[in-house]
Amino acid sequence: MNANPPIFKRTKLAQRLASQILANKVGSVASSGLFLAAPRRTGKSTFMREDLRPALEHSGAHVLYVDLWSNKATDPGEMIVSTVRAALHQNANVMARLARKIGVNTIAVPGVVELSLNQVGLGVAISLSDALADLSDELKKPIVLIIDEAQHAITSDKGYDALFALKAARDELNSSQHNGLRIVATGSNRDKLAMLRNSKDQAFFGAPLVAFPALDESFVQWFCEGVDLPAPLDPKAVMALFAKASNRPEILGAAAEELRFDFELQPGDVPARFEASVLAQISSAEKETLRVINSLTPLQSAVLRVMAARQADFAPFQEDTLSAYNVVLRSIAPHETLEPDGSNVQQALMALQNKGLIWKETRGVYAIEEGSTMDLMRQQGMLDMVP
Ligand SMILES: Nc1ncnc2c1ncn2[C@@H]1O[C@H](COP(=O)(O)OP(=O)(O)OP(=O)(O)O)[C@@H](O)[C@H]1O
Ligand SMILES: [Mg+2]
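Residues numbered from 1 in each chain as written. Chains lettered and ligands numbered in written order. Predicted model: local features only at pLDDT ≥ 70, side-chain atom pairs only at ≥ 80, totals over all residues. Heavy atoms only, no water.

S.K.: Would you mind going over the domain arrangement of the protein chain with me for this structure?
M.R.: How big an interface is tends to be expressed through the accessible area that disappears when the partners come together. What the domain assignment lists for the protein chain is domain 1 (11–211), domain 2 (217–292) and domain 3 (296–379). Of the residues lining the interface, four residues belong to domain 2; the matching set on domain 3 comes to five residues. Overall, the association of domain 2 and domain 3 removes approximately 400 Å² of surface from exposure, summing both partners, and the carbon and sulfur fraction of that is 74%. The largest share of the area that domain 2 buries against domain 3 comes from E286, T289 and V292, three residues that together contribute 84% of it. The interface formed by domain 2 and domain 3 contains zero salt bridges. Run the count over domain 2 and domain 3 and you get zero residue pairs in polar contact (both at pLDDT 80 or more). Residue composition of the side of domain 2 that touches domain 3, grouped by class: two nonpolar, one polar and one charged. (Domains from an automatic or database assignment. Contact = heavy atoms within 4.5 Å. Buried area = accessible area lost by both parts, 1.4 Å probe. Salt bridge = Lys/Arg side-chain N within 4 Å of Asp/Glu carboxyl O. Polar contact = N/O pair within 3.5 Å; in protein donor to acceptor, adjacent residues only side chain to side chain. Nonpolar A, V, L, I, M, F, W, Y, C, P; charged D, E, K, R; others polar.)

If you want it as structure tokens, here you go:
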């Protein structure tokens, strides 16, 4: 018996993406990497693990997967390196080959390789490029590295280094001597992901950034067929609710669960109760976000509002931005005497980052952590006073 909740398979989408990723046609840009963006909790990681990975493997690729959010305490650069090390570790031939390359003695105990994995990584004897090239040569397969929540990589220097190392690896493996390396990166925020590819000094300059399609009617159909409540749900009605829930499967799941535990529920009441429960789930998630926003100091709130209104154009310390904070501050806290300046704004930004509301790239570019926060603030009129 499998106790995991069932997953709706998106095989066709996965096959299509897999063949585009592995394409080696003239003019194909997939070799620079592919970026997929979709909002939070809409099924990106599930798709990568359950659908895309098997589809790529089926098409003959060797897939490495790393979720840079899976362990927030570990440096993202370190996580990328560990993923490559783990892949080598599973392949004794590659380990032996790399050991010979750097002159490690493999004769002492035959068959036992004395290559320490610490010698593979950034700025050590064996570069990621060497390691991946040897792995791909040994397997005689292209390698696809899936980096989930890739925007996290540019929040640390080591993360940046890892991206540059991967760029070098990609250029090496995509040369005619090897079998190819494709990098697929996902993230929940388009602006942030775009930073990995927009400027020429970025590792994935020019790589295509596409909107990853949200779960659609066929998912809702599947959900309605399998939900097993005392009365069936109408897929059309559920689709409308799913759209209201920003295509987040968990909201439908939580509503169904609430109904399942209501032992007095009458079959005739199922559709109305399901709708009420979905709406309640949505509003409780919003209330939670608003509670965090409402507990900010006036300056923190002003900084967040200006950032949300300006989005990609936000420049935290410019004269014009400082005066925008001031306008907002006077509007939301008329009795506040504080004047925004470089140092208190810096503190406010740090506080917002610690609360998980904003994201900072190492070189000081900021963005709102979740797009939904921005939408919610706009809906609530919290951005109306931003000049
Ligand atoms: N195809 C699917 N079938 C059933 N449930 C799904 C499917 N895709 C996602 N879910 C459910 O939706 C929730 C969010 O999925 P997932 O973690 O894959 O999303 P995500 O976009 O990677 O989220 P995050 O932004 O937190 O990284 C999970 O509870 C998952 O079980
Ligand atoms: Mg995820």
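So much for the structure itself; the text now carries on.
S.K.: Sorry, what's going on with the environment of E250 here?
M.R.: Looking at the element boundaries, E250 is found in helix α10 (residues 249–260). Accessibility expressed as a relative area gives 45% for E250, which makes it partly exposed. Counting along the chain gives 28 residues from E250 to V278, while the straight-line C-alpha distance between them is 9.9 Å. (Helix = DSSP H or I, 4+ residues; strand = E, 2+ residues; numbered from the N terminus. Buried < 20%, exposed > 50% of the residue type's maximum accessible area, 1.4 Å probe, protein only.)

S.K.: Teacher, can you tell me more about the nonpolar core here?
M.R.: One broad trend across soluble globular proteins is that nonpolar side chains are buried collectively. Within the largest apolar cluster, 47 residues are counted, with the highest numbers of intra-cluster contacts made by F35, L88, L132, I147, L166 and F204. Tallying contributions element by element places helix α6 (residues 157–173) first for this core, with seven residues. Those residues in contact with L166 that sit more than four places away from it in its chain are I80, L128, L132, L145, I147, L181, I183 and F204. Listed in part, the 30 residues of the second largest apolar core include V306, V328, A348 and L376. (Core = buried A, V, L, I, M, F, W, Y, C linked by side-chain atoms within 4.5 Å.)

S.K.: How do you make sense of the packing of aromatic side chains when you look at a structure like this?
M.R.: Geometrically, a pair of aromatic rings is defined through the distance of the ring centres and the angle of the planes. Scanning the model with the defined rule gives eight aromatic pairs in all. On the numbers, 5.0 Å between centres and 50° between planes, the contact of F47 with F212 is tilted. Placement of the pair is F47 in helix α2 (residues 44–58) and F212 in the loop between β5 (209–211) and α8 (217–226), with a sequence separation of 165 residues. One exposure class covers both F47 and F212, and it is buried. With centroids separated by 6.2 Å and ring planes inclined at 45°, the aromatic side chains of F223 and F274 adopt a geometry described as tilted. Taken together, the positions of F223 in helix α8 and F274 in helix α11 (residues 270–294) put the pair 51 residues apart, joining distant regions of the chain. (Phe/Tyr/Trp six-rings, centres within 6.5 Å; stacked < 30°, edge-to-face > 60°.)

S.K.: Please explain the site of ligand 1 as it appears in this structure.
M.R.: As a matter of local geometry, ligand 1 sits amid 14 residues, with R40, R41, K44, S45 and T46 nearest to it. Sorting the residues of the shell around ligand 1 by element identifies α2 and α10 as the ones contributing at least two each. For the shell around ligand 1, the leading source of residues is α2, giving three residues. Across the shell around ligand 1, the residue classes tally to five nonpolar, four polar and five charged. (Near = heavy atom within 4 Å.)

S.K.: What's the story with the packing of helix α3 (residues 76–89) against α6 in this structure? I'm lost.
M.R.: Pairs of packed helices are described in terms of their axes, by the angle between the two and the distance that separates them. At a closest axis distance of 6 Å, the pairing of α3 and α6 adopts a crossing angle of 40°. Comparing their axes, α6 and α3 come out oblique. In contact with G77, E78 and I80 of α3, α6 contributes K158, G159, A162 and L166. Its residues placed into classes, the contact of α3 with α6 shows three nonpolar, two polar and two charged. (Axes fitted to C-alpha atoms, helices over the stretch in contact; angles between N-to-C directions. Parallel < 35°, antiparallel > 145°, perpendicular 65-115°, else oblique.)

S.K.: Teacher, can you tell me more about the environment of F314 here?
M.R.: Along the chain, F314 turns up in the loop between α12 (298–310) and α13 (319–332). On the basis of relative accessibility, which here comes to 8%, the residue F314 falls in the buried class. Each C-alpha atom, one on F314 and one on A168, is 32 Å from the other, the two residues being 146 residues apart in sequence. Filtering out sequence-adjacent residues up to four positions away, F314 remains in contact with V303, V306, M307, T321, Y325 and Y366.

S.K.: Can you walk me through unusual backbone geometry in this structure?
M.R.: Excluding glycine, a negative phi dihedral is what most residues carry, and trans is how most peptide bonds are arranged. Here D228, not a glycine, exhibits a phi torsion of approximately 60°, which is positive. Assignment of secondary structure puts D228 in the loop between α8 and α9 (235–244). Residues other than glycine seldom take positive phi values, yet N247 does so here, at roughly 60°. One can find N247 in the loop between α9 and α10.

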